Amino acid sequence: MRTYGKSRPTVSASESAAPDRRHLGFQRPDAFERDLRERVEAYFQTTGISPRDQRSMITKSVALIAWVGILYSVVVFAPLSGWSVAVLSALLGTSIAGIGFNIQHDGGHNAYSDRIWVNRLSAAALDLIGASSYVWRWKHNLQHHTYVNIAHHDTDIDLGLFGRVSPDHPRHGFHRWQHVYIWPLYGIMALKWHWYDDFHDVATGRLGARRMPRPRGWDLVQFVGGKLLFAFLALGLPCLFHPWAKVLGAYLVVDFFLGLSLSVVFQLAHAVEPADFPQPDPGSGEVGVPWARHQVRTTVDFSRGNALVTWFLGGLNHQVEHHLFPRVCHVHYPAIAPLVEAACKEHGVPYLDHGSFGSGLASHYRWLKRLGLPDRT
Ligand SMILES: [Zn+2]
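About the criteria used
Residues numbered from 1 in each chain as written. Predicted model: local features only at pLDDT ≥ 70, side-chain atom pairs only at ≥ 80, totals over all residues. Heavy atoms only, no water. Helix = DSSP H or I, 4+ residues; strand = E, 2+ residues; numbered from the N terminus. Buried < 20%, exposed > 50% of the residue type's maximum accessible area, 1.4 Å probe, protein only. Polar contact = N/O pair within 3.5 Å; in protein donor to acceptor, adjacent residues only side chain to side chain. Patch = residues over 30% accessible without salt bridge, like charges linked within 9 Å, V, L, I, M, F, W, Y side chains within 5 Å. Areas by Shrake-Rupley, 256 points an atom, 1.4 Å probe, with all protein chains shown as cover. Salt bridge = Lys/Arg side-chain N within 4 Å of Asp/Glu carboxyl O. Donors = N, O, S within 2.8 Å, 3.2 Å for Na, K, Ca; no water. Expected span 1.5 Å × (residues − 1). Bend = angle between axes of the 7 residues up to and from the residue. Contact = heavy atoms within 4.5 Å. Phe/Tyr/Trp six-rings, centres within 6.5 Å; stacked < 30°, edge-to-face > 60°. Axes fitted to C-alpha atoms, helices over the stretch in contact; angles between N-to-C directions. Left-handed = near helix turned anticlockwise from the far one by under 90°. Nonpolar A, V, L, I, M, F, W, Y, C, P; charged D, E, K, R; others polar.

K.L.:
I'm lost on the side chain of His 323 in this one. Help?
P.N.:
With respect to the helices and strands, His 323 occurs in helix α13 (residues 319-324). Classification of His 323 as buried rests on a relative accessible area of 0%. Within the structure, His 323 has its side chain in polar contact with the side chain of His 270 (distance 3.2 Å). Here the side chain of His 323 touches Gln 295 through a polar contact of 2.8 Å, side chain to side chain.

Next up, the structure:
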């Protein structure tokens, strides 16, 4: 059953309390999906460029890590006034998000290199900046990327009680104002992720409607070691040089800007007006379209022509390309975007693009406002 329509009624809390936990299925790959793959493969073959192991990624990684290292050292070790610490902490939080966008995200998708150890190492950058790379692998890599925008299966769109971005999540009266109050909540998203969500997910062995094997062996060592190392870097080490209240204040500023940066970039790709929120068939679990069409209908690009945005966001403004080719290093997205767009056009698949960051942000604002109202019209 195809259920891509946008005019279904609002879901009540009781209706959404028993989500479909079964496996969801896509239709077989169609001509559109085959054409997409052929075009992109032909690009790499004719140019002789490798989809991964790009020198520019090494340069970018070194630059970002050095920049974050310098900022961190200045904030922790330099004798600064409170306001200087606050400003630099905000910059540090935004810069740490850059490590996530560029290094960890590519590594986590095995898109950084053909060498597994390089990908594992770059993916582990997430543990260093507070979140578990193990949980991320299940939550983002498998669930989000497979079941984009399908409620209870894509837990990346589950913002909890106070945020409603899917029409299939329950609506509460206070959601009427979510377009106003959500922004500071985005700021505490990283804090919650680091100190609650990861532990909750590992303890319960669940991600939304789906199971997640609890980490064992080296994965468990990395999970615990990562949390301890992050706690030491974020709080322990600075407390050796500054009063704890000042350290806590700076830490909260860093985490606020980290959370805000990560949340806004994610929301612009999926929680916006043009993106679809499909419902699988309640009986068969069929999504109703092939995988590639599902990815394109649920994902929106923004600021594709802005090289600076593409550089800092690790190509996450090219989310359509990322969702179709997650194992291709993000430095190639600007080159393959026209190929994807042309294939979409020929096969009658809408290619969704906001144009600018501002129009994407405005669309997310309107979507929040619309989902906060009782009826979805
Ligand atoms: Zn991804």
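K.L.:
Please clarify how a nonpolar patch on the surface should be interpreted in this entry.
P.N.:
Taken together, the side chains of Leu 161, Phe 162, Leu 185 and Ile 188 present a nonpolar region at the surface, about 350 Å² in accessible area. You can see Phe 162 is positioned in the loop between α6 (133-146) and α7 (178-187). Under the relative-accessibility criterion, Phe 162 is labelled partly exposed at 43%.

K.L.:
Would you mind going over unusual backbone geometry with me for this structure?
P.N.:
For residues that are not glycine, phi is negative in most cases, and the peptide bond is trans in most cases. Of note in the backbone geometry, Asp 53 takes a positive phi value of approximately 55° without being a glycine. Within the fold, Asp 53 resides in the loop between α1 (31-47) and α2 (55-77). What makes Asp 53 partly exposed here is its relative accessible area of 33%. With a phi angle near 45°, Ser 303 is a residue other than glycine that sits in the positive phi range. Positionally, Ser 303 belongs in the loop between α11 (291-297) and α12 (307-312).

K.L.:
Where do I start with the coordination of the zinc ion in this structure?
P.N.:
Put simply, the ideal angle at a metal is 109.5 degrees for four donors in tetrahedral geometry and 90 or 180 degrees for six donors in octahedral geometry. The protein atoms that coordinate the zinc ion are His 105 (NE2), His 109 (NE2), His 140 (NE2), His 145 (NE2) and His 322 (NE2), at distances of 2.1 to 2.2 Å. Motif for the zinc ion, donor spacing along one chain: H-x3-H-x30-H-x4-H-x176-H. Of this pair, His 109 sits in the loop between α3 (82-108) and α4 (116-123) while His 145 sits in helix α6; the two residues are 36 residues apart in sequence, bridging distant segments of the chain. For the pair formed by His 109 and His 145, the shared burial category is buried.

K.L.:
When you look at helix α8 (residues 189-204) in this model, what are you seeing that I'm missing?
P.N.:
In an α-helix, one full turn covers 3.6 residues, which means residues spaced three or four apart are oriented alike. The end-to-end C-alpha distance of α8 is 20 Å, clearly below the 22 Å that 16 residues give at a rise of 1.5 Å each. By the largest-angle criterion, Tyr 196 marks the main kink of α8, which is about 40°. For α8, the full list of buried residues reads Ala 190, Trp 193, His 194, Asp 198, Asp 201 and Val 202. Where α8 is buried, its residues meet α5 (125-128), α6, α7, β2 (206-207), α9 (217-239) and α10 (244-270). In the segment just after α8, Gly 205 is the residue with positive phi, at about 65°.

K.L.:
I keep staring at the packing of aromatic side chains and nothing clicks. Help me out?
P.N.:
How two aromatic rings sit relative to each other is set out by the distance from centre to centre and by the angle between their planes. By the definition in use, this model includes twelve aromatic pairs. Ring geometry for Phe 26 against Tyr 147: centres 6.3 Å apart, planes inclined by 15°, an arrangement best described as stacked. Within this pair, whereas Phe 26 is found in strand β1 (residues 25-27), its partner Tyr 147 is found in the loop between α6 and α7, the two being separated by 121 residues in sequence. Note on Phe 199 and Phe 223: the rings are 5.5 Å apart at their centroids and 80° apart in plane angle, and the pair reads as edge-to-face. Of this pair, Phe 199 sits in helix α8 while Phe 223 sits in helix α9, and the two are 24 residues apart along the sequence. We classify Phe 223 as buried; its relative accessible area is 6%. The rings of Trp 195, Phe 230 and Tyr 251 are connected pair by pair, giving a single aromatic cluster.

K.L.:
Which parts of the structure should I look at to understand the packing of α9 against α10?
P.N.:
Between two packed helices, what matters for the description is the angle formed by their axes and the separation of those axes. Taken N-terminus to C-terminus, the directions of α9 and α10 make an angle of 145°; their axes are 8 Å apart at the nearest point. As for how α9 packs across α10, the hand of that crossing is right-handed. Mapping the contact onto sequence places Phe 230, Ala 234, Leu 235, Pro 238 and Cys 239 in α9 and Trp 244, Val 247, Tyr 251 and Asp 255 in α10. Across the contact of α9 with α10, the residue classes tally to eight nonpolar, no polar and one charged.

K.L.:
Would you take a moment to explain the side chain of Gln 319 for this structure?
P.N.:
Structurally, Gln 319 is set in helix α13. Looking at Gln 319, the relative accessible area reads 5%, which means it is buried. When neighbours within four sequence positions are excluded, Gln 319 is seen to be in contact with Ala 269, His 270, Thr 299, Val 300 and Asp 301.

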